[in-house]
Amino acid sequence: MRGPRDNDGSAGPREGGAAARPPWRRPAVAALAAAGAASIAIAFLGPVTAVRAGTRHAAACLASIEAPRGPALPDCRPELRWFALPSRLSWTYEAASALSEELGVRAAVAEYVDAAVGRPDRAALARATGGVETARAMVAAGSRRITFEELGPACGAPSLGREAARLGDRRTLLEQPDRWPDWHVRVHALRAALLEGDLERAIEIARSYAGMDPRDEDLRTTVSAVLCLGTAEEAKRGAALLSLIEENRASKRHAGMARDWGDVRAVIDACAARAGVEPPPMPENPEAGVASAVAARAAQRVRLAAAAGGEGAAEAKQRAVRAIRDLLGSAVALEPRARADLLAVVLAEDDRLDAAAAAALARPEPEVDDLAAGEDNGAAAHGAAAHGAAPAPWVGSPLAADWLPERGLERPVVSGALRARAAARAVELAGSPLLSPAEGDALRAAAVALALHAARALALEGDAPRAIDALDHADALAPALAPEAARALARSSAWAVAGDRARAIEIVERVDLAAAPPALRAAVLLQRAELLASQGRGLEAARAAVLADDEAARAASIRLPREAPHASAGLAALDARARWTRLALARPPAASPLRQGSPPAQLPADLSAAFPWVGFARPDAPWARDDQPALARALAAWSAARDATPPERRALRYAALRRRGDAPRALVPYAALAAQLLDGDGDGDPEVWLDAFLALDAARFSLRHTTFARAEAARWRGDTESAAAWQRRYEALRAVASDPTRAEIAGYLGL
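Residues numbered from 1 in each chain as written. Predicted model: local features only at pLDDT ≥ 70, side-chain atom pairs only at ≥ 80, totals over all residues. Heavy atoms only, no water.

**Q** Describe the overall build of the chain, with residues and values.
**A** When its secondary structure is counted, the chain shows 30 helices and two strands. The buried share of the chain, reckoned over its 751 residues, is 54%. For the chain, restricting intrachain contacts to residue pairs at least 6 apart in sequence, the fraction spanning at least 24 positions comes to 69%. Accessible surface for the chain amounts to roughly 33300 Å². Of this, 55% is attributable to carbon and sulfur atoms. (Helix = DSSP H or I, 4+ residues; strand = E, 2+ residues; numbered from the N terminus. Buried < 20%, exposed > 50% of the residue type's maximum accessible area, 1.4 Å probe, protein only. Contact = heavy atoms within 4.5 Å. Areas by Shrake-Rupley, 256 points an atom, 1.4 Å probe, with all protein chains shown as cover.)

Structure representation (structure tokens):
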């Protein structure tokens, strides 16, 4: 019979046998095994958890930069500690390294943007450029990624040039322009030099870029056009570069699309004339694009023929004039303002034009809009002057800011002196006994319109006395049809655009508005408000702005016939401008900044969505229709933003930066209002902030419009130094654009 086994638990240990294992040993071993497994799991999963936690903390820190906060920029770089150990371990190396890199990139860019938006400061902006360059080098030596999207909204790889262009940092763009690899940044560098009014610097940069043989069309055309503003040799080189663009656009399609090349041709002809060489022939049998800018090139041919001199010049000019007469008499649809410009060229340059032919040209078919339906965003309805007994075009003389030039070569470039000669010739021909009363009235009405256009052109050239002479001439032609308020507004605009604001305000301060219609009263009061603000008379300016807005609302309530689209557009523009001006100038308790019936001035909980898109960048957008409340909501948001706390205003500046590209044509009050998002008490430099805020919108306006608006906005806030700097830039650009040999080139470049 077998005995019990040792240590099987069925019997006690035998005497003298081995000691039994204690009962706690097996659980201890299990615990130690579990602890070891846990340690291994923690060692493996801990870095993963740290990466996830670091991602949350870093994203929250970066988001706080654009949230309401104090003036100090949140420092997010300490969050790199979360990724230090994981970036040394094989299983978390890739994720941790990528997040570390992204955090460094975003922190560097945030510092640069903060110096322009959070607490605008020019010296801080210059210092922050080094961080962006370091971040770029880090990415180039590391992941070489082109986008970052783990710690916030997707953004591109760091590029100092792109960031400088985005923030309107002209100093950085111009410091070392050859270092920018992107073609669009180089275009921004050229535009920055022009915006500074530094033509020599722009030509120097263009000369350098031309030596690199740029292949992108937009860069090549910009470089060539800037060269054409220089010496004869540089103009010759610019024409040669442009001829390649013209040929390419006329012969090649890309992805089924083609680009028009008529405006390039106008610049080529101007360049060749400045260089004293024959322009290359136009493309024969083009297979792509269109020879656009027909009206501009037709007027240019007359000017170039007249300036050429020598044998055959007179006949060449007559051929060019006959081509314009054929164009005016053809079925080609011409924009009303272009038609008026071409009529001015024919009247001034065609000695063989008789009274009957002139009257026929001055009286287009009824379906063609009238000659005086001229300036975009005018104060009110323009009269159908070219149709004989219609009111004279004085009724709609635009505000000074609406006299500023537009971008591009859509319209012919016609000097003020030529327009004045055309007006005088129209009066001379109107006295012919061979004309019927209706034909004579049409020519006299055309003369009034041409005199007004001459005044505008002369004022833009800086010649206010001759502009006033042109207005006196128009006044003498139509004394009964020219309301006193309209005449005063036109004279005030001439002095304001030419630079004499003291005379401009004197005129509109003493005019009697009792007999003027609401739209004209609104326009005069708006002019008065803006000029008073530029002289530092804030309370008077606010009162005038409120009165102007009331009159504009009254004018907008008047229903116009469908046959008056220009009148409706003019009233809509006047109404919008009055509301922006009132908001910029009127402050409680003295006056309400918003029109009665406007939405309440309050901000949403999410400040990043404070500013709705209004549609000024695209006037035909669905949200820009009359029945949409976008404008009223935008004005209410701006009113609330201006009165927000400093931390909220800082967040709202970031929000406004993301809503750029929607600036109204009322650029002066818009810029002045944006500057009010700074509290003026050490919160930052308004000029640095406005450079960033308007950087995207600037491409929609001519450079002269931009410099004029910035100078006026500086005057409104009492910054005489900045106003003087912008005025110098405006005058430098005016000198270039007023040179007949460079006029088309300046138009193409957006001067």
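**Q** Which residues make up the pattern of salt bridges, and what values go with them?
**A** For the structure shown, the criterion picks out 56 salt bridges. Residue Glu-234 is joined to Arg-207 by a salt bridge in which the shortest nitrogen-to-oxygen separation is 2.7 Å. Separated by 27 residues along the polypeptide, Glu-234 in helix 10 (residues 232-251) and Arg-207 in helix 8 (residues 199-211) bring together distant segments of the chain. Given the relative accessible area of 13%, Glu-234 is considered buried. The partner of Asp-463 in a salt bridge is Arg-466, and the shortest N-O contact between them spans 3.9 Å. (Salt bridge = Lys/Arg side-chain N within 4 Å of Asp/Glu carboxyl O.)

**Q** Mind laying out the packing of helix 19 (residues 484-498) against helix 20 (residues 501-510), listing which residues take part and the relevant values?
**A** It is the contact of helix 19 with helix 20, at a shortest axis distance of 7 Å, that shows an interaxial angle of 170°. In terms of orientation, helix 19 lies roughly antiparallel with respect to helix 20. Handedness of the crossing formed by helix 19 with helix 20: left-handed. Each of Ala-488, Arg-491, Ser-492, Trp-495 and Ala-496 in helix 19 lies in contact with helix 20, whose residues at this interface are Arg-501, Arg-503, Ala-504, Ile-507 and Val-508. Here the contact of helix 19 with helix 20 is built from residues that sort into six nonpolar, one polar and three charged. (Axes fitted to C-alpha atoms, helices over the stretch in contact; angles between N-to-C directions. Parallel < 35°, antiparallel > 145°, perpendicular 65-115°, else oblique. Left-handed = near helix turned anticlockwise from the far one by under 90°. Nonpolar A, V, L, I, M, F, W, Y, C, P; charged D, E, K, R; others polar.)

**Q** With reference to specific residues and values, describe the environment of Ala-504.
**A** The residue Ala-504 is located in helix 20 in this model. Taking relative accessible area as the criterion, Ala-504 reaches 0% and is therefore assigned buried. Measuring from C-alpha to C-alpha, the distance between Ala-504 and Gln-527 comes to 8.9 Å, with 23 residues separating the pair along the chain. Setting aside residues up to four positions removed in sequence, Ala-504 forms contacts with Ser-492, Trp-495, Ala-496 and Leu-531.

**Q** Could you give me a rundown of the confidence of the model for the chain, with the residues and numbers involved?
**A** Reading predicted coordinates in detail is not appropriate for stretches of low pLDDT. When the pLDDT values of the chain are averaged, the result is 85; 86% of them are 70 or greater. Counted against residues more than four places away or in other chains, residues 1-7, with its pLDDT under 50, gives three contacts. This model gives residues 365-396 a pLDDT under 50, and the stretch forms 101 contacts once residues within four places in sequence are excluded. (pLDDT = per-residue confidence, 0-100.)

**Q** Help me get a handle on the packing of helix 21 (residues 518-534) against helix 22 (residues 538-556), residues and values and all.
**A** Interaxial distance between helix 21 and helix 22 falls to 8 Å at its minimum, and their mutual angle equals 160°. Judged by the inter-axis angle, helix 21 sits roughly antiparallel to helix 22. Taken as a pair, helix 21 and helix 22 cross one another with a handedness that is left-handed. Contacts from Pro-518, Ala-519, Arg-521, Ala-522, Leu-525, Leu-526, Arg-528, Ala-529, Leu-532 and Ala-533 in helix 21 reach Glu-540, Ala-541, Ala-544, Ala-545, Leu-547, Ala-548, Glu-551, Ala-552, Arg-554 and Ala-555 in helix 22.

**Q** I'd like a rundown of unusual backbone geometry, residues and numbers included.
**A** In this model, Pro-588 is joined to Pro-589 through a cis peptide bond whose omega is 5°. You will see that Asp-213, though not glycine, has its phi angle at about 55°, which is positive. Looking at where Asp-213 falls in the secondary structure, it is placed in the loop between helix 8 and helix 9 (217-228). Unusually for a residue other than glycine, Ala-293 sits at a positive phi of about 55°. As for its placement among the helices and strands, Ala-293 is situated in the loop between helix 11 (262-275) and helix 12 (294-308). Of the residues examined, Ala-293 reaches a relative accessible area of 16% and is grouped as buried.

**Q** Tell me about the state of the cysteines, and name the residues and values.
**A** Here, disulfide denotes a covalent bond that connects the sulfur atoms of two cysteines. Under the definition given, this model contains two disulfides. Shown here is the disulfide that connects Cys-61 with Cys-76, its sulfur atoms set 2.0 Å apart. Linking Cys-61 and Cys-76, the disulfide has an S-S dihedral of approximately -95° and is accordingly described as left-handed. Here Cys-61 is found in helix 1 (residues 25-65), whereas its partner Cys-76 is found in the loop between helix 1 and helix 2 (81-84), with 15 residues between them in sequence. In this structure, Cys-61 and Cys-76 share a single accessibility class: buried. With a sulfur-sulfur separation of 1.7 Å, Cys-228 is cross-linked through a disulfide to Cys-271. (Disulfide = S-S within 2.5 Å.)

**Q** How would you explain the nonpolar core if you had to name every residue and give the values?
**A** Ranked by size, the top nonpolar core spans 210 residues in total, and within it Leu-342, Leu-347, Phe-611, Trp-638, Trp-689, Phe-693 and Ile-745 carry the most contacts. Among residues more than four places away in sequence, those in contact with Trp-689 are Ala-116, Val-117, Pro-120, Arg-653, Ala-656, Leu-657, Ala-674, Ala-675, Leu-677 and Leu-678. By size, the runner-up hydrophobic cluster in this structure holds six residues, among which are Ala-135, Val-139, Phe-148 and Ala-157. (Core = buried A, V, L, I, M, F, W, Y, C linked by side-chain atoms within 4.5 Å.)

**Q** Pulling in residues and values, what's your account of the packing of aromatic side chains?
**A** A complete count under the given rule lists eight aromatic pairs for this structure. Aromatic ring contacts, followed pair by pair, group Trp-580, Phe-611, Phe-616, Trp-638, Tyr-670, Trp-689 and Phe-693 into a single cluster. One residue, Arg-503, lies across the ring of Trp-495, its end atom 4.4 Å from the ring centre. Directly above the ring of Trp-726 sits Arg-729, whose terminal nitrogen or CZ lies 4.3 Å from the centroid. (Phe/Tyr/Trp six-rings, centres within 6.5 Å; stacked < 30°, edge-to-face > 60°. Lys NZ or Arg CZ within 6 Å of the ring centre and 35° of its normal.)

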